[in-house]
Amino acid sequence: MPFEAGEIRWDRMCAPGPGGHWRAWITVHVEGRALWRLGLHPGQATAVVNGPSPPGWWHAAGERYARGRSAVRRVS
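Here the residue numbers are simple positions, counted from 1 along each chain's written sequence. At least 70 in pLDDT is required for a residue's local features to be given in this predicted model, at least 80 for side-chain atom pairs to be given and counted, and no such filter applies to totals for whole chains, interfaces and linings, which use all residues. Excluded from the side-chain calculation are hydrogens and water; included are all heavy atoms of the structure.

Chemist: Help me understand a nonpolar patch on the surface in this model?
Modeler: Together, Trp10, Ile26 and Val28 make up an exposed nonpolar region whose accessible area comes to about 380 Å². Strands here are runs of E lasting at least two residues and helices are runs of H or I lasting at least four, both read from the DSSP assignment and numbered beginning at the N terminus. Of note, Ile26 is situated in strand β2 (residues 22-30). Patch membership is restricted to residues that have no salt bridge and whose relative accessible area is over 30%. Joining uses 9 Å for like charges and 5 Å for the nonpolar side chains Val, Leu, Ile, Met, Phe, Trp and Tyr. Values of accessible area rely on a 1.4 Å probe in the Shrake-Rupley scheme; residue burial ignores everything except the protein chains shown. Here a salt bridge means any side-chain nitrogen of Lys or Arg lying within 4 Å of a carboxyl oxygen belonging to Asp or Glu.

Shown next as structure tokens:
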């Protein structure tokens, strides 16, 4: 794992949502020095395309996956 102990933490909050069903929210916190070590820092150059775009089916599959992940799932 690229992070050492103490460089990353997460918080979870649970509460009833608008429909009365319980929901959970997770927030991830990463120390700035850990991101800097990975090359993610304020002075970093903006990402640019450096090769050909993936084929159309790849984009479509990614969009289907994202829609499936954002759907509300009922847990029995």
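Chemist: Honestly, the environment of Arg37 in this entry has me stumped. Any pointers?
Modeler: If you trace the backbone, Arg37 turns up in helix α1 (residues 32-37). Only protein chains enter the accessibility calculation, which uses a 1.4 Å probe; a residue whose area is less than 20% of its type maximum is buried, one above 50% is exposed, and one in between is partly exposed. When its relative accessible area of 43% is taken as the criterion, Arg37 is described as partly exposed. Each C-alpha atom, one on Arg37 and one on Pro2, is 9.1 Å from the other, the two residues being 35 residues apart in sequence. Here, residues are in contact when the closest pair of their heavy atoms is within 4.5 Å. Filtering out sequence-adjacent residues up to four positions away, Arg37 remains in contact with Pro2, Phe3, Glu4 and Glu7.

Chemist: How do you make sense of the pairing of strand β1 (residues 8-16) when you look at a structure like this?
Modeler: Within a regular strand, side chains alternate between the sheet's two faces. When DSSP locates at least two bridges between a pair of strands, those strands are taken to pair. Pairing analysis gives nine bridges linking β1 to β2, with the strands arranged antiparallel. Each residue of the ladder has a partner; that of Trp10, found in β2, is Val28. Hairpin connection of β1 to β2: five residues between the antiparallel strands, including Gly20 at a positive phi of 90°.

Chemist: Even after reading the chapter, I still don't get the pattern of salt bridges, so can you show me in this structure?
Modeler: Pairing is possible between side chains of opposite charge, provided their charged atoms come close. Taken as a whole and judged by the stated rule, the model has three salt bridges. Close ionic contact of Arg33 with Glu7 constitutes a salt bridge, the shortest N to O distance being 3.2 Å. Pair noted here: Arg33 is in helix α1 and Glu7 is in the segment before β1, with a separation of 26 residues, a long-range link. A salt bridge links Asp11 to Arg9, with the nearest nitrogen and oxygen atoms 2.9 Å apart.

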